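Each chain, letter by letter, is given below.
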Amino acid sequence: MFDPARPHRCSPQVAVRPEPFGALVYHFGTRKLSFLKTPQLVDVVSGLEQHPDVNAALAAAGVEDGQRPAYLRALAGLAANGTIEERP
Amino acid sequence: MKLVEHFQYGLNSPICLTWELTYACNLACVHCLSSSGRRDPRELTTAEAKSVIDELQRMQVFYVNIGGGEPTVRSDFWELLDYAVSHDVGVKFSTNGIKLDKARAAQLAATDYVDVQISLDGATAEVNDHVRGPGSYATAIRALENLAEAGFGQPKISVVMTRQNVDQLDEFKAIADKFGAQLRITRLRPSGRGADVWDELHPTAAQQRQLYDWLVARGDGVLTGDSFFHLSAYGEALPGLNLCGAGRVVCLIDPVGDVYACPFAIHENFLAGNVRSPGGFQEVWRGSELFAELRQPQTGGACRSCGFYDSCQGGCMAAKFFTGLPLDGPDPECVRGFGEQALAARGTDTVIPKSDVDHSRRTAPRGGRGPVPVTIGMRPDRACDESPLAGLQV
């Protein structure tokens, strides 16, 4: 279960390819493509590793309060498909 | 802006790249998109092919669809496959199965990151061999048996839908289930030798409806390579991008390194450059004038006033081009019938473009397997029934 209060990271099996809309994400394990649909979401995902939890990564990327629920939903989806995971 | 709208302006690297390794083929399918048969002496060398793979790795092209021709007849095929996989470029290759004996099947079963797609255009030998040549059904089934026996996980069975096999959809599904394979169906294009047989083999309007209804009812888990987006105008959009991806998210590298906007458009009008030129593939993808043009928003032309334009986007550029229809008008298989009207209205002075890239064999293949004795033109297989963004969730 995705818990934004826990430390997370981008999966080591994932590659992030920058694109004009944000980024394309490829998971070498599941061989699935997914999309980070805004540059800010790319910042959040790549910043996860540097922050104690997801909430801090959201704040560091400057995600506004009104946008937080949408970003948390997107991140929960990324956790479910293995793009991001809890840091050991 | 929705993601799909971003896609129309193009990406930094392709998502769906088809790479045909050779024009050589042991078969001579009547509908071959790339008019394959004979090897071209200018084909990329092993070293050149490896440097293309290096470049794809740098550009983060995470997988390629390899075809031909019959790619496995290249003697360095297995070497290139290993090289790609070990450089983070996954491979799905299309084959008629000729080289997939028990040993190769076992080797593939032990390799991660490789997908195999066996071409089969009839659920019975009679229907298949009519299009793909005598013995080709047996070859494909033997390859599927070998893969299943070796424990290869879920190969794909790729079917080009024709007037003769639309009625066999359930049987294709049964064959796929029997071999633990996934069914993939794609659209017959009037490209390559396909132009010679398209009038005779493309599904009738009633069959298109039948195909659409089958996909809606039973198409769960069936791949389409996004190839039937022109049918979305029947109602429910089919899964996929529903956008022509040519030069935007899709392109083709042919055996001599020429880069075309899509696998169905091997013609000088859609030639963007060559991977051997300075700057390589990346320069072609990012800098070609043709691709810049294709990344402009489509205007819709004659289709603009149609209420279904949003769902079908005017259909397939290559299908229009190779039937002599204007690119900004209806698809020849427009579900509202405008394509048929446009085809009927072609004048005697209409020039139907023909590719001058043709590697069809001039004589029968060795072993006495001549072209199939049918009334239609001639044939193939290939790799490039690839379509944009198959199976993508966007």
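Observations regarding the overall build of chain B
Within chain B one finds 14 helices and 10 strands. Along the three orthogonal principal directions, the C-alpha set of chain B runs to about 55 × 50 × 40 Å. Put simply, chain B has 394 residues, and 62% of those count as buried. In chain B, of all internal contacts separated by at least 6 residues, the share reaching a separation of at least 24 is 73%.

Re the confidence of the model for chain B
All names here are of chain B. Mean pLDDT for chain B: 90, with 92% of residues reaching 70 or above. Here residues 366-371 is a poorly scored stretch, pLDDT under 50, and it has 5 contacts once near neighbours within four places are set aside; other chains count. Overall fold confidence (pTM) sits at 0.90, and the ipTM for the predicted complex is 0.90.

Brief notes about the interface of chain A and chain B
Taken together, the contacts link 14 residues of chain A with 21 residues of chain B. Taking both sides of the interface into account, the surface hidden between chain A and chain B amounts to around 1,500 Å²; carbon and sulfur atoms contribute 66%. Run the count over chain A and chain B and you get 1 salt bridge. Arg31(A) serves as the salt-bridge partner of Asp115(B), at 3.1 Å between the closest nitrogen and oxygen. Linking chain A with chain B are 7 residue pairs in polar contact (both at pLDDT 80 or more), by the criterion used here. Counting residues per element, the ones that place at least two in the side of chain A that touches chain B are strand E2 (14-19), strand E3 (22-27) and strand E4 (32-36) of chain A. Residue composition of the side of chain A that touches chain B, by class: 10 nonpolar, no polar and 4 charged.

Some thoughts on the packing of helix H1 (residues 39-47) of chain A against helix H3 (residues 68-80) of chain A
Residues and elements named next belong to chain A. At a minimum axis separation of 12 Å, H1 and H3 run at an interaxial angle of 55°. The angle between H1 and H3 places the two elements in the oblique class. Where H1 crosses over H3, the two elements pack in a sense that is right-handed. Facing Gln40, Leu41, Val44 and Val45 of H1, the residues of H3 in contact are Tyr71, Ala74, Leu75 and Leu78. Of the residues in the contact of H1 with H3, the class split is 7 nonpolar, 1 polar and no charged.

Focus: the nonpolar core
Ranked by size, the top nonpolar core spans 100 residues in total, and within it Phe7(B), Trp19(B), Phe93(B), Leu108(B), Ile185(B) and Phe281(B) carry the most contacts. Considering each element in turn, this core owes the most residues, 7 residues, to helix H3 (residues 77-86) of chain B. In contact with Leu108(B), not counting residues within four places along its chain, are Trp78(B), Leu81(B), Phe93(B), Leu100(B), Val114(B), Val116(B), Leu147(B) and Phe152(B). The next biggest cluster of nonpolar side chains, apart from the first, holds 19 residues, and it includes Val25(A), Ala61(A), Val63(A) and Ile84(A).

Description of the layout of surface pockets
Residue and element names in this part refer to chain B. Looking at the second largest pocket, its volume works out to about 430 Å³. Lining of the second largest pocket is provided by 24 residues; of these, Leu294, Gln298, Met317, Leu327 and Asp328 occupy positions nearest its centre. Among the elements of the structure, helix H11 (289-294) and helix H13 (317-321) are those that each provide at least two residues to the lining of the second largest pocket. Broken down by element, the residue count for the lining of the second largest pocket peaks at 3 residues, all from H11. Looking at the lining of the second largest pocket residue by residue, the class counts come to 11 nonpolar, 9 polar and 4 charged.

Comments concerning the pattern of salt bridges
Where charged atoms from two side chains of opposite charge come close, those side chains can pair. As enumerated under the stated definition, the model contains 18 salt bridges over all chains in all. Of the charged contacts, one joins Asp76(B) and Arg74(B) as a salt bridge, the two residues approaching to 2.7 Å between their closest N and O atoms. Using a relative accessible area of 7% as the deciding quantity, one classes Asp76(B) as buried. Each of the salt bridges in this network shares a partner with another, and the network as a whole consists of Arg31(A), Asp115(B) and Lys156(B).

So, how was this worked out
Residues numbered from 1 in each chain as written. Chains lettered and ligands numbered in written order. Predicted model: local features only at pLDDT ≥ 70, side-chain atom pairs only at ≥ 80, totals over all residues. Heavy atoms only, no water. Helix = DSSP H or I, 4+ residues; strand = E, 2+ residues; numbered from the N terminus. Buried < 20%, exposed > 50% of the residue type's maximum accessible area, 1.4 Å probe, protein only. Contact = heavy atoms within 4.5 Å. pLDDT = per-residue confidence, 0-100. Buried area = accessible area lost by both parts, 1.4 Å probe. Salt bridge = Lys/Arg side-chain N within 4 Å of Asp/Glu carboxyl O. Polar contact = N/O pair within 3.5 Å; in protein donor to acceptor, adjacent residues only side chain to side chain. Nonpolar A, V, L, I, M, F, W, Y, C, P; charged D, E, K, R; others polar. Axes fitted to C-alpha atoms, helices over the stretch in contact; angles between N-to-C directions. Parallel < 35°, antiparallel > 145°, perpendicular 65-115°, else oblique. Left-handed = near helix turned anticlockwise from the far one by under 90°. Core = buried A, V, L, I, M, F, W, Y, C linked by side-chain atoms within 4.5 Å. 1 Å grid on protein atoms, 1.4 Å probe; cavity = no way out; pocket = protein on both sides within 12 Å on 5 of 7 lines; lining within 4 Å. Points joined across faces, edges and corners; volume = space filled by probe spheres on them.

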